[in-house]
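Next come the chains, spelled out residue by residue.
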Amino acid sequence: MWFPVDASGWVRRARQVVSPNCDARPPRTPITLLVIHSISLPPGHFGGDHVLRLFTNTLDPTAYPGYAELAQQQVSAHFLIRRDGELIQFVSCLQRAWHAGVSRWRGRPHCNAFSIGIELEGGDDAPFEEAQYDVLIALANTLCATYPIRAVTGHSHIAPGRKTDPGPHFDWARLRDHIPDCPNGMGSG
Ligand SMILES: [Zn+2]
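Residues numbered from 1 in each chain as written. Predicted model: local features only at pLDDT ≥ 70, side-chain atom pairs only at ≥ 80, totals over all residues. Heavy atoms only, no water.

With that out of the way, let us pick up the packing of aromatic side chains. Each aromatic ring pair is summarised here by two numbers: the centre-to-centre distance and the angle between the ring planes. Counted by the stated rule, this structure contains six aromatic pairs. Centre to centre, the rings of Tyr-64 and Tyr-67 are 5.5 Å apart; their planes meet at 45 degrees, and the pair counts as tilted. A relative accessible area of 32% places Tyr-64 in the partly exposed class. When the ring of Phe-128 is compared with that of Tyr-133, the centres are 6.4 Å apart and the planes differ by 85 degrees; the resulting orientation is edge-to-face. Of the two residues, Phe-128 and Tyr-133, neither departs from the other in class, the shared state being buried. Members of the aromatic cluster, joined through ring pairs, are Phe-128, Tyr-133, Phe-170 and Trp-172. The ring centre of Phe-114 lies 3.7 Å from the NZ or CZ of Arg-108, which sits over that ring. (Phe/Tyr/Trp six-rings, centres within 6.5 Å; stacked < 30°, edge-to-face > 60°. Buried < 20%, exposed > 50% of the residue type's maximum accessible area, 1.4 Å probe, protein only. Lys NZ or Arg CZ within 6 Å of the ring centre and 35° of its normal.)

Quick look at the structure:
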């Protein structure tokens, strides 16, 4: 499995759902980090379109408790991998998606500037699906071959105390075994 990225930063094999929640990366800022997240909306519920709505600012604030606050946030990620392995892209890899918030990677703040954010549909309480790992590993290897990515980390590692995703079920050892071209560490680094 391979997910070629075109010159404009889009993976043509992904389903495209364009998010307005992005802007330009700062000048001379190479993409050096992958950030793994997990998300499900409502929390713990899989399927449906609420994550897509969140990332496109069309979430119904009355649909579920907590959505009123969520619907006011402008957030996105570059990619979402659904439970069945479907790959959705919201933001060009060349643009800055708004996924990490206040964050720091080995002392360097503002991780959105130099990272690609990949969401797995899931949560802290459930293992991820085989199909999700298959697509994640293939996507990560493609991105590592396309951009000068040096490390793969989790949202919880770059925003400790504030974020827990991708959570305790995420299998970092499996990533380590299958992404050989990532020289500077994985997980917490
Ligand atoms: Zn996250």
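Every protein donor of the zinc ion is listed here as His-37 (ND1), His-155 (ND1) and Asp-165 (OD), and their distances to the metal cover 2.0 to 2.1 Å. Each donor residue of the zinc ion lies on the same chain, and together they follow the pattern H-x117-H-x9-D. Of this pair, His-37 sits in strand β3 (residues 33–39) while Asp-165 sits in the loop between α4 (155–158) and α5 (172–178), and the two are 128 residues apart along the sequence. In terms of burial, His-37 and Asp-165 fall into one category: buried. (Donors = N, O, S within 2.8 Å, 3.2 Å for Na, K, Ca; no water. Helix = DSSP H or I, 4+ residues; strand = E, 2+ residues; numbered from the N terminus.)

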